Amino acid sequence: MGRPRALIVDDEPDLRELLAITLGRMALDVDTAGDAASAAKCLATGRYDLVLTDMRLPDGDGLDLVASIQAHRPGLPVAVITAHGNVEAAVRALKLGAFDFISKPLDLGALRKLISATLKLGESTAEETQRHSALRLLGESRPMRQLREMIAKVARSQAPVHIAGESGTGKELVARLIHESGARREAPFVPVNCGAIPSELMESELFGHKKGSFTGAVADKEGLIRSAEGGTLFLDEVADLPLHMQVKLLRVIQEKAVRPVGESREVPVDVRILSATHRDLGELVKAGRFREDLYYRINVIELIVPSLRERRDDLPLLIEASLARIARQMRVDVPEIAPEALERLLAYAYPGNVRELENVLERAVTLCADECIETGDVVLREGNGFELDDVAEFEGVNGAGLNGQLEHIERDAIVRALEQTRYNKTKAAELLGMSFRQLRYRVKKLGIE
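Here's a quick rundown of the structure. (Residues numbered from 1 in each chain as written. Predicted model: local features only at pLDDT ≥ 70, side-chain atom pairs only at ≥ 80, totals over all residues. Heavy atoms only, no water.)

### Structural notes on the packing of helix α14 (residues 315-330) against helix α15 (residues 339-347)
Now for step 1: Where α14 meets α15, the axes come as close as 10 Å, and the angle between the chain directions of the two elements is 120°. Crossing geometry of α14 relative to α15 is assigned as right-handed. From α14, Leu315, Pro316 and Ile319 reach across to α15, where they touch Leu342, Leu345 and Leu346.
Now for step 2: Its residues placed into classes, the contact of α14 with α15 shows six nonpolar, no polar and no charged. (Axes fitted to C-alpha atoms, helices over the stretch in contact; angles between N-to-C directions. Helix = DSSP H or I, 4+ residues; strand = E, 2+ residues; numbered from the N terminus. Left-handed = near helix turned anticlockwise from the far one by under 90°. Contact = heavy atoms within 4.5 Å. Nonpolar A, V, L, I, M, F, W, Y, C, P; charged D, E, K, R; others polar.)

### What to know about the layout of surface pockets
Sizing a probe to match a water molecule and rolling it over the atoms shows the empty space that remains.
Now for step 1: Approximately 1100 Å³ is the volume attributed to the largest pocket.
Now for step 2: Contributing to the lining of the largest pocket are 47 residues, with Phe101, Ala110, Glu255, Lys256 and Val269 lying nearest its centre.
Now for step 3: Taken together, the elements giving at least two residues each to the lining of the largest pocket come down to α4 (87-96), β7 (100-103), α5 (108-120), α11 (243-255) and β13 (272-277).
Now for step 4: The greatest single-element share of the lining of the largest pocket, amounting to seven residues, is contributed by α5. (1 Å grid on protein atoms, 1.4 Å probe; cavity = no way out; pocket = protein on both sides within 12 Å on 5 of 7 lines; lining within 4 Å. Points joined across faces, edges and corners; volume = space filled by probe spheres on them.)

### Focus on the sheet that holds β7
Now for step 1: The parallel open sheet is built from five strands, whose spatial order is β2-β1-β3-β6-β7. Edge positions in the sheet fall to β2 (29-33) and β7, since each of these pairs with one other strand and no more. Recorded for the sheet is a direction-independent mean angle of 20° between the axes of neighbouring strands.
Now for step 2: Bridging between strand β3 (residues 50-54) and strand β6 (residues 78-82) involves four bridges; their strand directions are parallel. Residue Thr53 lies in a different strand from β6, and its bridge partner there is Val80.
Now for step 3: Of the strands in this sheet, β3, β6 and β7 are in contact with α5, which crosses β7 at around 165°. (Pairing = 2+ DSSP bridges.)

### Remarks on unusual backbone geometry
Now for step 1: A cis amide bond, omega -5°, links Lys104 with the succeeding residue Pro105.
Now for step 2: With respect to the helices and strands, the residue Pro105 is situated in the loop between β7 and α5.
Now for step 3: The phi dihedral of Arg331 is positive, around 60°, even though this residue is not glycine.
Now for step 4: Residue Tyr350 is not a glycine yet carries a positive backbone phi of 50°.
Now for step 5: Assignment of secondary structure puts Tyr350 in the loop between α15 and α16 (353-367).
Now for step 6: A relative accessible area of 0% means that Tyr350 is categorised as buried. (Buried < 20%, exposed > 50% of the residue type's maximum accessible area, 1.4 Å probe, protein only.)

Treat this as a map of the structure, not an account of what it does.
Take a look at the structure:
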């Protein structure tokens with residue numbers, strides 16, 4: 001393998017020379033072109049690992065070059081140089097398949113990061129990415145194959161991706177796969193649940209703060225965005241961001257910088273932003289609850305995760321894999337499934353998607369006797385055996401407080417039984433009227449030592 005080779009396309013001789021020197025110091029061989037026609041000739045005869053092109057060329061548009069490369073050399077990364085503040089052009093380039101963009105006047109430090117990230121793409125192919133995804137994102141239905149193809153494509157870009165889908169479909173798993181399959185895989189993946197941070201603490205949590213900037217700020221704080229430096233920031237339930245925070249996030253995306261609370265200057269930050277929500281962002285924009293300009297920045301590429309109802313053919317594979325994982329975690333043999341119980345599992349609609357399927361199977365493994373899951377062990381929302389914690393989990397009626405009280409009562413009962421039997425779990429299970437397997441599961445679930 002020889003040194004990587006880059007093609008620089010720009011009509012300014014001084015800028016071409018500066019870029020050639022910078023890339024040469026990074027151990028790249030460089031060819032240059034002053035217009036689109038010259039670039040086309042270079043691409044027709046040469047092998048390149050990277051193309052860096054200006055948006056404005058004397059005989060054409062850099063976007064046309066991006067589109068042409070995507071059509072004829074889809075594996076070749078292209079980065080574009082844009083005028084300062086021309087975010088719309090940068091977004092169009094990303095939509096067409098550009099790897100990333102950098103604004104004039106060029107920040108050479110940012111340029112070196114971009115080049116390094118681009119070259120890392122050559123270390124894994126799209127086919128390898130799909131194989132990696134298949135190991136984590138199970139399913140051979142058409143929607144799942146299409147999803148893995150999309151993950152492979154977007155992993156080879158730095159464009160913001162919005163992951164849409166119902167609750168429980170595995171949106172965070174998709175985000176992690178995009179990160180792990182891309183050029184930022186060796187840097188941090190930082191997930192943030194936007195709905196779980198109190199509004200009054202959100203700015204400090206995301207952007208960080210200076211010591212003494214407010215009561216309680218006893219030390220400098222980096223913030224979640226800066227903690228993802230060089231990697232990926234995953235904003236889960238991004239629709240829950242308050243409007244004032246949406247404005248600040250928009251500036252982070254446009255300026256690639258953050259301003260900690262109490263700080264007078266902005267701090268450069270290099271992160272890729274992925275977001276997700278189970279809500280319809282388009283409808284929220286129409287209702288004035290989500291900023292339209294932010295919507296278009298984070299939704300450069302939209303990736304839709306199918307519901308379980310849309311890929312019912314995957315159910316047998318998911319059931320088999322989930323049972324194996326649950327049994328491994330519980331340190332028991334993988335139970336068989338009675339035909340009637342399997343029929344019941346396959347016929348159910350799973351409004352809570354994969355997460356609900358896994359919860360149903362976890363209960364079934366806990367409840368079953370003689371290493372076989374029977375129909376009565378399969379507790380579904382539509383069945384007569386609907387449990388109180390199901391209501392809390394799926395209907396959201398003060399679930400956290402109610403579940404907390406129930407777990408506290410259950411924990412006390414188990415601890416008393418264990419103390420009474422001198423921690424003989426077999427006798428404690430008999431005393432509690434449950435199987436040894438059920439007791440072991442509850443002890444682990446409740447964190448009882």
